[in-house]
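Coordinates in review
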Amino acid sequence: MSHLAAGKTAGAKEAAGLRYPSNGKTIYHRPLNRTKTAELSQSSFAYLFSEMVTYAQRRVTGIQELEKRLNLQGHPIGLKLLDLLLIREPARSQTRPLNIISLLHFIKINIWQHLFGRQADRLEKSSNPDTPDEYMIVDNEPLVNAYVSVPREMSQLNCAAFVAGIIEGVCDGAAFPARVTAHSVGGKEEGEMWPGKTVFLVKFQPEVLEREALIGRA
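Computed from a prediction, not measured in an experiment: that's the story for all the values here.

Running from N to C, helix α3 (residues 63-87) and helix α5 (residues 161-173) point in directions that differ by 40°, and their axes come no closer than 6 Å. Relative to α5, the element α3 lies oblique. At the point where α3 passes α5, the crossing takes the right-handed sense. Taking contact as the criterion, the partners of Glu 67, Leu 70, Asn 71, Gln 73, Gly 74, His 75, Ile 77, Gly 78, Leu 79, Leu 81 and Leu 82 in α3 are, on α5, Ala 161, Phe 162, Ala 164, Gly 165, Ile 166, Glu 168, Gly 169, Val 170, Asp 172 and Gly 173. Of the residues in the contact of α3 with α5, the class split is ten nonpolar, eight polar and three charged.

Now for α3. For α3, which comprises 25 residues, the first-to-last C-alpha distance of 37 Å matches the rise-based estimate of 36 Å (1.5 Å per residue) to within 8%. Taken as a whole, α3 has its buried residues at Leu 66, Glu 67, Leu 70, Asn 71, Gly 74, His 75, Gly 78, Leu 81, Leu 82, Leu 85 and Leu 86. Structurally, α3 contributes buried residues whose contacts are with α2 (42-57), α4 (100-116), α5 and β3 (178-184).

The subject of this paragraph is empty space enclosed by the protein. Under the definition given, this model contains one cavity of 30 Å³ or more. Roughly 40 Å³ of internal volume is contained in the largest cavity. Lining the largest cavity, in full, are Phe 45, Ala 46, Phe 49, Ser 50, Leu 143, Val 144, Tyr 147 and Val 148. Tallied by class, residues from the lining of the largest cavity come to seven nonpolar, one polar and no charged.

Thresholds, definitions, all that
Residues numbered from 1 in each chain as written. Predicted model: local features only at pLDDT ≥ 70, side-chain atom pairs only at ≥ 80, totals over all residues. Heavy atoms only, no water. Axes fitted to C-alpha atoms, helices over the stretch in contact; angles between N-to-C directions. Helix = DSSP H or I, 4+ residues; strand = E, 2+ residues; numbered from the N terminus. Parallel < 35°, antiparallel > 145°, perpendicular 65-115°, else oblique. Left-handed = near helix turned anticlockwise from the far one by under 90°. Contact = heavy atoms within 4.5 Å. Nonpolar A, V, L, I, M, F, W, Y, C, P; charged D, E, K, R; others polar. Expected span 1.5 Å × (residues − 1). Buried < 20%, exposed > 50% of the residue type's maximum accessible area, 1.4 Å probe, protein only. 1 Å grid on protein atoms, 1.4 Å probe; cavity = no way out; pocket = protein on both sides within 12 Å on 5 of 7 lines; lining within 4 Å. Points joined across faces, edges and corners; volume = space filled by probe spheres on them.

Encoded structure:
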């Protein structure tokens with residue numbers, strides 16, 4: 001009887017624990033849509049994002065404060081997206097980025113592919129010797145700006161500050177603290193190929209560069 005009781009106790013503990021399917025896939029491996037090829041309607045996204053901008057615009061005193069609010073909206077998404085994409089990686093390649101370049105390539109390729117269905121257009125390092133902590137991710141046509149009509153008096157506004165917040169969240173979650181801002185660099189002249197071109201300026205904290213230097217010497 002004692003053996004039977006022990007068996008029942010062990011079975012109860014097993015049943016109470018987290019069950020893993022035989023193929024090793026958990027709920028975190030499943031896409032949010034019903035099929036992997038399904039995509040969110042752009043009109044639905046445009047409506048939701050416009051509501052987010054309207055919400056952030058309440059009681060702001062200027063463009064900088066509005067962009068800061070959009071940045072704060074994107075930051076927690078970046079924190080969670082980093083863990084989600086890493087856990088979906090095969091076990092052999094399930095490692096966090098260990099240096100600045102691998103992190104930025106992860107953002108340029110994996111993060112952009114997951115969010116926008118394509119890679120970012122370019123990744124650059126600042127050529128100014130006084131700013132070795134600055135890197136730039138270039139997107140010629142940010143999706144978040146595709147359906148945003150900016151009034152003339154707010155021409156300096158770039159709603160891609162939301163995406164900058166996502167990038168900042170990914171950097172912070174990977175233990176590479178940085179400040180990320182979005183800057184419009186596309187010309188408004190007629191015939192301009194990329195009028196909405198945006199540069200995401202990633203400025204890492206001094207301790208990140210110190211760590212990079214130590215790793216490089218090791």
